[in-house]
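Residue-level listing of the chains:
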Amino acid sequence: MAAYSLAGKRVWVAGHRGMVGSALVRRLAREGCEVLTASRADADLKNQAQTSAWVERNRPDAVFLAAAKVGGIMANDTYPADFLYDNLMIEANIIEASFRVGVEKLLFLGSSCIYPKFAPQPIVEDALLTGPLEPTNEWYAIAKIAGIKLAQAYRKQHGADFISAMPTNLYGPGDNFDLNSSHVMPALIRKAHEAKLAGAASITIWGTGTPRREFLHVDDCADACVHLMKVYSDTVHVNVGSGEDVTIRELAELVCKVVGFSGDIVCDTSKPDGTPRKLMSADKLRGLGWKPSIALEAGIRDAYTAFLNANYAERVLGPAH
Ligand SMILES: NC(=O)c1ccc[n+]([C@@H]2O[C@H](COP(=O)([O-])OP(=O)(O)OC[C@H]3O[C@@H](n4cnc5c(N)ncnc54)[C@H](OP(=O)(O)O)[C@@H]3O)[C@@H](O)[C@H]2O)c1
Ligand SMILES: C[C@@H]1O[C@H](OP(=O)(O)OP(=O)(O)OC[C@H]2O[C@@H](n3cnc4c(=O)[nH]c(N)nc43)[C@H](O)[C@@H]2O)[C@@H](O)[C@H](O)[C@@H]1O
């Protein structure tokens, strides 16, 4: 099949204010397309009537579905109803509305938590639905699996060119640094930074520090999604990762090195570890001609700079800047 060109197209980035959505907007500046965005005031994407009215009015040619209810292990475990309901509604509304107006191509973003908790590593795409999920995020995972199945069903029944990408744990500019709801990377950057400023003796990390996680800079993720939009047109979802993982303790050590904090790292084992390991196979995406370009330490350096700039903007310009 011929590659899909975004040039001259009307491209909707759903969730454009988020970490992934804003990286997609930055990346799409190089594609010669018109980027469409909907603010929350334009459409609450959980609301079917508002979503379909906005899509009818704006008629995108292509859609990146990066709007979602997103959070780290604790947020997922604490708000299962929100993570299941919001994500089911958002993805169903956008996929149905996109089909109705004849969107040429849609990319749905899922997550590596769709795979069974004890899937053989590295996890290949075919491992989907072969075993029980990790309990801390099964609600979110079920919603994301439903999103993959929606894209597949619209392709099977209607011939819609809807594809799915499953990114690993992402980090970078635009991340959520709230310690209760964030993922591990922004939490560690903030903890190490604040401990450095306070002259603290240690930082505390959640769990045992032994789980392994794979990390990808969000600009690499956006680049991979644009690549897939252009070259991929098939039923099976595609893993988007770096192909390498580290333990949480190793990650904490690396973050402390980048931030310049030299105290101890203490484990709070009353907090959950989550899945022991979720390294995804990168073979399919490599076979499609894409590989990451931002190494972990350089990526953390970039994320720390973005954190410092965001903090500065917040302090100087106020929260509404
Ligand atoms: N972050 C990760 O580590 C990671 C890893 C793997 C996959 N992903 C996937 O990447 C996608 C984007 O994640 P992210 O990290 O960029 O999340 P994020 O920063 O929280 O961004 C989510 C975006 O969705 C929008 N949104 C949520 N509910 C909405 C609603 N009801 N109506 C309108 N907009 C709504 C948010 O709008 P507001 O800005 O107005 O709140 C925000 O712009 C998700 O599908 C996620 O599963 C993320
Ligand atoms: C990509 C996302 O991954 C999420 O799983 P998951 O990697 O465990 O989510 P994270 O919240 O990034 O946590 C990863 C690991 O880091 C540990 N960790 C250590 N210190 C901290 C901390 O201060 N904050 C946080 N948040 N974690 C910390 C945490 O216990 C877990 O073992 C899923 O819940 C989502 O559904 C999604 O799939």
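Rules of the game
All residue numbers here refer to positions counted from 1 along the written sequence of the relevant chain. Here every chain gets a letter starting at A, and every ligand a number starting at 1, in the order they are written. Note on the predicted model: pLDDT of at least 70 is required for a residue's local features to be given, and 80 or more for side-chain atom pairs to be given and counted; whole-chain, interface and lining totals, by contrast, use all residues. Hydrogens and water molecules were not included; the side-chain quantities draw on all heavy atoms of the structure. To qualify as a nonpolar core, a set must consist of buried Ala, Val, Leu, Ile, Met, Phe, Trp, Tyr and Cys residues joined through side-chain atoms within 4.5 Å. For each residue, the accessible area found with a 1.4 Å probe, counting protein chains only, is set against the maximum for its type, and the residue is called buried under 20%, exposed over 50%, and partly exposed in between. We count a stretch as a helix when DSSP gives it H or I for four or more residues in a row; a strand needs E for two or more, and each element gets its number in order from the N terminus. Throughout, a residue-residue contact means that at least one pair of heavy atoms, one from each residue, lies within 4.5 Å. By convention in these notes, a residue is near a molecule or strand provided one of its non-hydrogen atoms lies within 4 Å of it. Two N or O atoms count as a polar contact when they lie within 3.5 Å, although within protein this holds only if one can serve as hydrogen donor and the other as acceptor, and sequence-adjacent residues are included solely when both atoms are side-chain atoms. Working definition of accessibility: Shrake-Rupley area with a 1.4 Å probe, residue cover restricted to the visible protein chains. The salt bridge definition used is simple: a Lys or Arg side-chain nitrogen within 4 Å of an Asp or Glu carboxyl oxygen. Strands are treated as partners if at least two bridges between them are detected by DSSP. Each axis is a line fitted through C-alpha atoms, and for a helix only the stretch in contact is used; angles between axes span 0 to 180 degrees, taken between their N-to-C directions. Three classes are used: nonpolar for Ala, Val, Leu, Ile, Met, Phe, Trp, Tyr, Cys and Pro, charged for Asp, Glu, Lys and Arg, and polar for all others, with Gly counted as polar. Each Phe, Tyr or Trp ring (for Trp, its six-membered ring) is paired with any other whose centre lies within 6.5 Å, and the angle between the two planes then decides the class: stacked below 30 degrees, edge-to-face above 60, tilted in between. To estimate the expected span of a helix, count its residues, drop one, and scale the result by 1.5 Å.

Trainee: Can you help me understand the nonpolar core in this one?
Mentor: Nonpolar side chains in soluble globular proteins tend to be buried together. Judged by nonpolar contacts, the single largest core of 39 residues is most densely connected at Trp12, Leu45, Ile94, Leu106 and Phe162. Ranked by the residues each element gives to this core, the list is headed by helix H5 (residues 138-158), at six residues. Sequence-distant contacts of tryptophan 12, defined by excluding residues within four places in its chain, comprise Leu36, Thr37, Ala38, Leu45, Trp54, Val55, Pro60, Ala62, Val63, Phe64 and Ile94. Within the second largest apolar cluster, 32 residues are counted, among which are Ala62, Leu107, Cys221 and Val240.

Trainee: Before we go on, may I ask you to explain the site of ligand 1 in this structure?
Mentor: Near ligand 1 lie 25 residues; those nearest to it are Met19, Val20, Asp44, Tyr140 and Lys144. Between ligand 1 and the protein, one listed contact pairs an oxygen atom with a backbone N or O atom of methionine 19 at 2.9 Å. Within the contact set of ligand 1, an oxygen atom lies 2.7 Å away from a backbone nitrogen or oxygen of valine 20. Calculation on ligand 1 without its partners gives an accessible area of 890 Å², and the protein chains cover 86% of this total.

Trainee: Looking at this structure, how should I read the pattern of salt bridges?
Mentor: Once their charged atoms are close, side chains differing in charge can pair, the charge on each being opposite to the other. Under the definition given, this model contains 19 salt bridges. Salt-bridge contacts for aspartate 223 lead to arginine 30; the nearest nitrogen and oxygen are separated by 3.9 Å. Separated by 193 residues along the polypeptide, aspartate 223 in helix H7 (residues 218-231) and arginine 30 in the loop between helix H1 (19-28) and strand S2 (34-36) bring together distant segments of the chain. Residue classification places arginine 30 among the exposed positions, given a relative accessible area of 62%.

Trainee: Any chance you could explain the sheet that holds strand S4 (residues 105-109) here in plain terms?
Mentor: Each strand in a sheet pairs with its neighbour through backbone hydrogen bonds, running either in the same direction (parallel) or in the opposite one (antiparallel). A sheet is described by the order of its strands in space; here six strands give the open sequence S2-S1-S3-S4-S5-S9, paired in parallel fashion. Both outer strands of the open sheet, S2 and strand S9 (238-240), are each paired with one neighbouring strand and no more. Put simply, the sheet's adjacent strands are angled 25° from each other on average, direction ignored. Strands strand S1 (10-14), S2, strand S3 (62-65) and S4 of the sheet are contacted by H1, whose axis makes an angle of about 155° with S1.

Trainee: Can you walk me through the side chain of histidine 217 in this structure?
Mentor: Checked against the element boundaries, histidine 217 lands in strand S8 (residues 212-217). At 2.9 Å, the side chain of histidine 217 forms a polar contact with the backbone nitrogen of aspartate 219.

Trainee: Can you help me understand the site of ligand 2 in this one?
Mentor: Near ligand 2 you find 22 residues, and of these Ile73, Lys191, Arg213, Pro272 and Asp273 are the closest. The separation between an oxygen atom of ligand 2 and a polar side-chain atom of asparagine 76 is 3.2 Å. In isolation ligand 2 offers 700 Å² of accessible surface; the protein chains occlude 98% of this area. Residue assignment for the shell around ligand 2 shows that the elements contributing at least two residues are helix H3 (73-78), helix H6 (184-198) and strand S7 (202-206). Among the elements that line the shell around ligand 2, the one with the most residues is H6, at three residues. The residue makeup of the shell around ligand 2, split by class, is 10 nonpolar, eight polar and four charged.

Trainee: So what exactly am I meant to see when it comes to the packing of aromatic side chains here?
Mentor: Considering all chains together, one arrives at six aromatic pairs under this definition. With 4.6 Å between their ring centres and 40° between their planes, tryptophan 12 and tryptophan 54 make a pair best called tilted. Of this pair, tryptophan 12 sits in strand S1 while tryptophan 54 sits in helix H2 (residues 48-58), and the two are 42 residues apart along the sequence.

Trainee: In this structure, what is going on with the environment of leucine 109? I would like to understand it.
Mentor: Following the sequence through the fold, leucine 109 ends up in strand S4. A relative accessible area of 7% places leucine 109 in the buried class. A sequence separation of 131 residues divides leucine 109 from valine 240, and the C-alpha atoms of the two residues are 9.9 Å apart. Beyond its immediate stretch of four places on either side in the chain, leucine 109 contacts Val20, Leu24, Leu65, Ala66, Lys144, Ala165, Pro167, Cys221 and Cys225.

Trainee: So what exactly am I meant to see when it comes to H5 here?
Mentor: Helical periodicity: at 3.6 residues per turn, an α-helix aligns residues three or four positions apart in one direction. For H5, built from 21 residues, the straight-helix expectation of 30 Å at 1.5 Å per residue is met to within 8% by its first-to-last C-alpha distance of 29 Å. Looking at H5, one finds that the buried residues are Tyr140, Ala141, Ala143, Lys144, Ile145, Gly147, Ile148, Ala151, Gln152, Tyr154 and Arg155. Elements that come into contact with the buried residues of H5 comprise H3, helix H4 (80-100), S4 and strand S5 (162-167). After H5 finishes, the residue glycine 159 shows a positive phi value of roughly 70°.

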